[in-house]
Structures are given as structure tokens and as C-alpha cells.
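Observations on the model geometry
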There are 2 protein chains.
Amino acid sequence: MKRIAIDMDEVMADTISHFLERYNAHFGMSLSTDDLYGKHLFEVIQEDHKPLARDYFQQEEFFRTIPVMPDSAEVIKALMTQYEVFITTAAMDVPCSFHAKFQWLQEHFPFISPQQIVFCGDKSIVAADYLIDDNLRQLGNFRGEGIIYTAPHNVNEKRYRRVDNWRAVERMFLG
Amino acid sequence: MKRIAIDMDEVMADTISHFLERYNAHFGMSLSTDDLYGKHLFEVIQEDHKPLARDYFQQEEFFRTIPVMPDSAEVIKALMTQYEVFITTAAMDVPCSFHAKFQWLQEHFPFISPQQIVFCGDKSIVAADYLIDDNLRQLGNFRGEGIIYTAPHNVNEKRYRRVDNWRAVERMFLG
């Protein structure tokens, strides 16, 4: 059975929308994902907003309340009938997120065993055939085939097979 | 550069001694590691003590205060000059331990980057050449060469190269 590793933020969890909603409400702005095209989040945030905006990522509650990416639960459940699935998230970058990420998975993906969850840093440690991830550094580190999940910051990347949403993941792996 | 993955409990952290100290004080007992020879912890604990003794492993503070295994810091630092080192601990079995384990590593092994830390369940997900671990199930799951770190419960196991302490790890990997 082939093994698929799946990233959380911006793949299973719609972290960018969650951030923008909080940011816009907080600062009276109207940034949308279109404004982020080809850019990282902190390239489009006003300089004087950055300290408070960065602080969102130090709040356990921020991670606990991220919306689930459309169709991800249904497709992951289907993938599990034909593949080994592991969830591999770079939680070591944000230690405050450990519990929130674990509880979020228990709530929204209760069919994924804790035995299949990995909190890591560098994803070169992940032994899997495929990694579905939005992060270019992690796709570069990974030793199997990286599949790029479209996020505003990675739209210009050409080196990997690309999926734009979970229906595209379903087509790629379940035909 | 070859990569070594290293388990925490009973390898870097002297979890059994820590448990026995607490258990003996709590129940006025005098169990020692000799009593555990060839057995798992909960095979030697009196039946009526088990619920409270199991509860130690649900206390964050228990994990935060485990003593460091002798020579482990010095030898791991030396290994890092010739190998990639990752710390791979089955923290998903005890979600209450996430923060304590992270802080414990930061305190006692500050030279290990969070990027090299992995909290997982099933260690078949670990991509490394070697895994130093006391747990037979995890050594069986791992895809590289398992090196068994001696603990009372595993003394009768013959399938792996064995290390009895950190000086033995040093001799095996640094000659």
C-alpha cells in the first residue's frame, strides 16, 4: 500500500482565510486571497500591523478555530481505503499550536488515528511515497514525490504536480 | 551523512527510574529496576495501585521532570558532528506530554534544533538509517536498522544490535 503524507495548514486547514478574516476585522482592512497572489502573507501586510498580526500565530485559539478546507475530510476518508495516510505538520515552528492542532484533528478528522499524526520540523524525516504540501521548502526537503497544493504564495512554482483543491487530489489518487 | 533517529523515553530520559521513585514514595514500596527484569512496568505493579500509577503518565509535570539518561547529552552532541540526528518520540500516545517534552528537550538538549524534533505515533513514518529505541513494536515498524537500547522489559530480545548505555552508543557510531 502506497503512503501519502498530508500537510495541515493551507492544505487541510484554511489558515489564510482564517488569518485574513481576523486581520481585516482587527484593522478595518479588506485584504482578500487575490491580493496575496504570488506573495507570502507578510509581504502584503502593512508594516505597522505586522507585530500584532504575527502574534495571531502565537495564539493556541487561532489554530483551534481554523476552518476545514472544503471536501478534505471526505476525500481523505476515501484515500484511506487505498493508501496509508499520515498527517505531517510542521508544528515545531509553533509549539503553542501542539494541543490545538491535535484537538482540531480529533474534532474534524476523528477517523484519523493519533498513530498517523506527525508533528515535525524538517519534513525530510517523513517516510512516505507522496507529500501533499503548499510549502516549497518542505516539498524540497521531502524524499518522495512532492505534490504541490495551490496556495497564493506558490502559484508560480512549476517543479511539482499540482492540485488546486481536494477534488483534484481525489482525481489524482483515486482516478 | 547518515541519519540517526533517537527515542526519548527510556533512551534519552530515564522514565522508569522517575516512575519508580514516584511510585515507591506514593505507595511506600521499594520496587527497583531489577524487579522489572524481562517485564513491562504494569506487570509488576500491584493491581490496586494501577489506576493511580497509570495517572502519572497523564500529568504534564511528570514528563517535564524526568532525569536525563547519563552521558546522553554529551554523546548526542558528538554524534551530531558526524550524523544527522533527529529526536523521534511517540508523543501521540500521551497528548498531555507535548509541551513538557518540548520544554524538556529545550532545557537539557538546547543544541538540538526544533526542526530535528518529531512527535509521532507509528515510527514507520521515520525516514532515517538508524533508530535507537527501547520499544519492540516501534523497532519492528521502523524501515531502517533498529538499534535496541536496553530497558528492563526488552532484555530478552535478540533481533537487533544492542546498546546498554550511551557509552555503548558512542562506541557503535563513533568507534
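Everything below is about the structure printed above this text.
Here is what the cut-offs are and how they apply
- Counting starts from 1 at the beginning of each chain's written sequence and moves along it residue by residue.
- The naming scheme follows written order: chains are lettered A onward, ligands numbered 1 onward.
- Local features in this predicted model are restricted to residues whose pLDDT is 70 or higher, and side-chain atom pairs enter the listing and the counts only when it is 80 or higher, whereas totals over whole chains, interfaces and linings include all residues.
- Think of the side-chain values as coming from all heavy atoms in the structure, minus any hydrogens and water.
- Buriedness for pockets is judged along seven lines, at least five of which must meet protein on both sides within 12 Å for an open set on the 1 Å grid over protein atoms alone, while cavities are sets there where a 1.4 Å probe fits but cannot get out, and lining residues have an atom within 4 Å of a point.
- Grid points are joined across faces, edges and corners, and a volume is the space filled by probe spheres set on the points.
- Put simply, DSSP H or I for four residues or longer makes a helix, DSSP E for two residues or longer makes a strand, and each gets a number counted from the N terminus.
- Charged means Asp, Glu, Lys or Arg here, nonpolar means Ala, Val, Leu, Ile, Met, Phe, Trp, Tyr, Cys or Pro, and polar covers whatever is left, Gly included.
- Note on definitions: salt bridges are taken to be side-chain nitrogens of Lys or Arg within 4 Å of carboxyl oxygens of Asp or Glu.
- Under the scheme applied here, a residue whose accessible area is under 20% of the maximum for its type counts as buried, over 50% as exposed, and between as partly exposed, the area being computed with a 1.4 Å probe on protein chains only.
- In this analysis, two residues are considered to be in contact whenever any of their non-hydrogen atoms come within 4.5 Å of each other.
- By definition, the buried area sums, over both parts, the 1.4 Å-probe accessible area that each loses when the two are put together.
- Any N or O atom pair separated by 3.5 Å or less is treated as a polar contact, with the protein-specific requirement of one donor-capable and one acceptor-capable atom, and with residues adjacent in sequence counted only for side-chain atom pairs.
- Strand pairing is assigned whenever DSSP detects at least two bridges linking the two strands.
- Here is how to tell: hold the view so the strands point away, follow the path from the first strand over the helix to the second, and if it runs clockwise the crossover is right-handed.

A few words on empty space enclosed by the protein. All names here are of chain A. One pass over the structure, following the stated rule, counts one cavity of 30 Å³ or more. Taken as a whole, the largest cavity holds about 40 Å³ of empty space. As for the largest cavity, its lining consists of M8, D9, A13, F63, I66, A100, K101 and W104. The leading source of residues in the lining of the largest cavity is helix α6 (residues 98-108), at three residues. Of the residues belonging to the lining of the largest cavity, the class tally is six nonpolar, no polar and two charged.

Any two side chains of opposite charge can pair, given that their charged atoms come close. Within the structure shown, the criterion is met by 25 salt bridges over all chains. Between R22(A) and E61(A) there is a salt bridge; the shortest N-O distance is 2.9 Å. Of the two residues, R22(A) is situated in helix α1 (residues 15-27) and E61(A) in helix α4 (residues 60-64); the sequence distance between them amounts to 39 residues. Classification of R22(A) by relative accessible area gives partly exposed; the value is 22%. Between D133(B) and K123(B) there is a salt bridge; the shortest N-O distance is 2.7 Å. With D133(B) in strand β4 (residues 130-133) and K123(B) in the loop between β3 (117-119) and β4, this pair connects stretches of sequence that are ten residues apart. D133(B) gets classed as buried once you look at its relative accessible area, which sits at 1%. Because the salt bridges share partners, they merge into one network encompassing D71(A), E74(A), R167(A) and E170(A).

With 24 residues of chain A at the contact, the number on the chain B side is 24 residues. Counting the surface chain A buries against chain B, the share from its top three residues, M92(A), Q115(A) and I125(A), is 28%. Linking chain A to chain B there are zero salt bridges. Where chain A touches chain B, the interface holds eleven residue pairs in polar contact (both at pLDDT 80 or more).

Residues and elements named next belong to chain B. Burial of strand β2 (residues 84-89) is extensive: five of the six residues sit out of reach of the surface. As judged from the four bridges shared by strand β1 (residues 3-6) and β2, these two strands associate in the parallel manner. Note that in β2 the partner of I6 across the bridge is I87. Here β2 pairs with β3 via three bridges, running parallel. Across the sheet, I87 pairs through a bridge with I117, a residue of β3. Between the parallel pair β2 and β3, the chain is carried across by helix α6 (residues 98-108), and the sense of this crossover is right-handed.

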